[in-house]
Amino acid sequence: MRPAGILIPQGAGQKSLQGGFDQIEAQIMKPGMIAEATCASKPWTIIPLVVTQVQDYIAAGQFRGGGQLIDAQQVTRPGTLLIFREPLYPGGLEGVTPGSSCIANAYTSNHDAIVAKETSAAKRVLLHVLDALALVHALILRLQALVLPFKTLVLGGH
């Protein structure tokens, strides 16, 4: 099909953010996880989010825009896992233009496993390391939010 246009429902992109995460994260991503994003249309802002839905299939390499059926071996990049995230607080997406390009992180919480009596000491240390890595990713997201306007406007890149 080659439609002359597309219909976009009123309010689209104002309730949630959708984005692709790598397939390796399929076993980790769960509804209820805390996430954060920064968007190009709302610079210097970190938006707290919560994962509300994780798509349970990866739809990639099936059809091309021209209507041609594509063989799986012709796909050069693997498909991504579609994740739906909503703002943690009311009005969290105010000022974000629907369809805006965003950078997002989602964070695991291992607190319950760390404090569980049956968790071994080695596993507790590993879980603490994973939680510390989340802190590093949160700091990197903030640096990206700080640099994004300069990178786009001054250096002319994305």
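Our subject in this report is the structure included herewith. (Residues numbered from 1 in each chain as written. Predicted model: local features only at pLDDT ≥ 70, side-chain atom pairs only at ≥ 80, totals over all residues. Heavy atoms only, no water.)

This next bit is on the state of the cysteines. Overall, the coordinates contain one disulfide when judged by the stated rule. The disulfide partner of Cys 39 is Cys 102, and the gap between their sulfur atoms is 2.0 Å. Across the S-S bond of Cys 39 and Cys 102 the torsion is about 100°, and the bridge reads as right-handed. Taken as a pair, Cys 39 in strand β2 (residues 34–39) and Cys 102 in strand β5 (residues 102–107) lie far apart in primary sequence, 63 residues in all. Residue Cys 39 is classed as buried on the basis of its relative accessible area of 0%. Looking at Cys 102, the relative accessible area reads 30%, which means it is partly exposed. (Disulfide = S-S within 2.5 Å. Helix = DSSP H or I, 4+ residues; strand = E, 2+ residues; numbered from the N terminus. Buried < 20%, exposed > 50% of the residue type's maximum accessible area, 1.4 Å probe, protein only.)

Below, the discussion takes up the nonpolar core. Leu 17, Met 29, Ile 47, Leu 49, Val 51 and Ile 83 are the most contacted members of the largest nonpolar core, which totals 14 residues. Contributions of two or more residues to this core are made by β1 (17–21), β2, β3 (42–54) and β4 (81–87). Each residue touching Ile 47, except ones within four places of it in the same chain, is listed here: Ala 35, Glu 36, Ala 37, Cys 39, Gly 92, Leu 93 and Val 96. (Core = buried A, V, L, I, M, F, W, Y, C linked by side-chain atoms within 4.5 Å. Contact = heavy atoms within 4.5 Å.)

Our focus in this paragraph is the sheet that holds β3. A sheet is described by the order of its strands in space; here five strands give the open sequence β1-β4-β3-β2-β5, paired in antiparallel fashion. Of all the strands in the sheet, the pair left with one neighbour each is β1 and β5. For this sheet, the mean angle separating the axes of adjacent strands, direction not counted, is 40°. One ladder, built from five bridges, connects β3 with β4; its direction is antiparallel. Residue Val 51 lies in a different strand from β4, and its bridge partner there is Arg 85. Against the sheet, helix α2 (residues 121–153) makes contact with β2, β3 and β5, and its axis sits at roughly 170° relative to β5, the strand it touches most. (Pairing = 2+ DSSP bridges. Axes fitted to C-alpha atoms, helices over the stretch in contact; angles between N-to-C directions.)

Looking now at the layout of surface pockets. By volume, the largest pocket amounts to about 770 Å³. Those elements giving two or more residues to the lining of the largest pocket turn out to be β1, β5 and α2. Tallying contributions element by element places β5 first for the lining of the largest pocket, with six residues. Among the residues making up the lining of the largest pocket, the classes are represented as 17 nonpolar, 14 polar and three charged. (1 Å grid on protein atoms, 1.4 Å probe; cavity = no way out; pocket = protein on both sides within 12 Å on 5 of 7 lines; lining within 4 Å. Points joined across faces, edges and corners; volume = space filled by probe spheres on them. Nonpolar A, V, L, I, M, F, W, Y, C, P; charged D, E, K, R; others polar.)

The subject of this paragraph is the side chain of Ser 16. For Ser 16, the location among the structural elements is in the segment before β1. Within polar-contact distance, the side chain of Ser 16 engages the side chain of Gln 18 at 2.7 Å. If we skip the residues at most four places from it in the chain, Ser 16 touches Phe 84, Arg 85, Glu 86 and Leu 93. (Polar contact = N/O pair within 3.5 Å; in protein donor to acceptor, adjacent residues only side chain to side chain.)

As for its position among the elements, Phe 150 is in helix α2. Overall, the relative accessible area of 47% leaves Phe 150 in the partly exposed class. Each C-alpha atom, one on Phe 150 and one on Pro 43, is 10.0 Å from the other, the two residues being 107 residues apart in sequence. Setting aside anything within four residues of it in sequence, one finds Phe 150 in contact with Trp 44 and Leu 155.

Let's shift gears to α2. For an α-helix the count is 3.6 residues per turn, leaving residues at separations of three or four pointing the same way. The end-to-end C-alpha distance of α2, which contains 33 residues, comes to 49 Å, matching closely the 48 Å that a straight helix rising 1.5 Å per residue would cover. At Val 147, α2 shows its maximal kink, close to 40°; a proline, Pro 149, follows between one and four residues later. When we look at burial in α2, the residues that qualify are Leu 127, Ala 134, Ala 138, Leu 141, Ala 145, Leu 148 and Pro 149. Those residues of α2 that are buried are in contact with β2, β3, β5 and α1 (111–115). (Expected span 1.5 Å × (residues − 1). Bend = angle between axes of the 7 residues up to and from the residue.)

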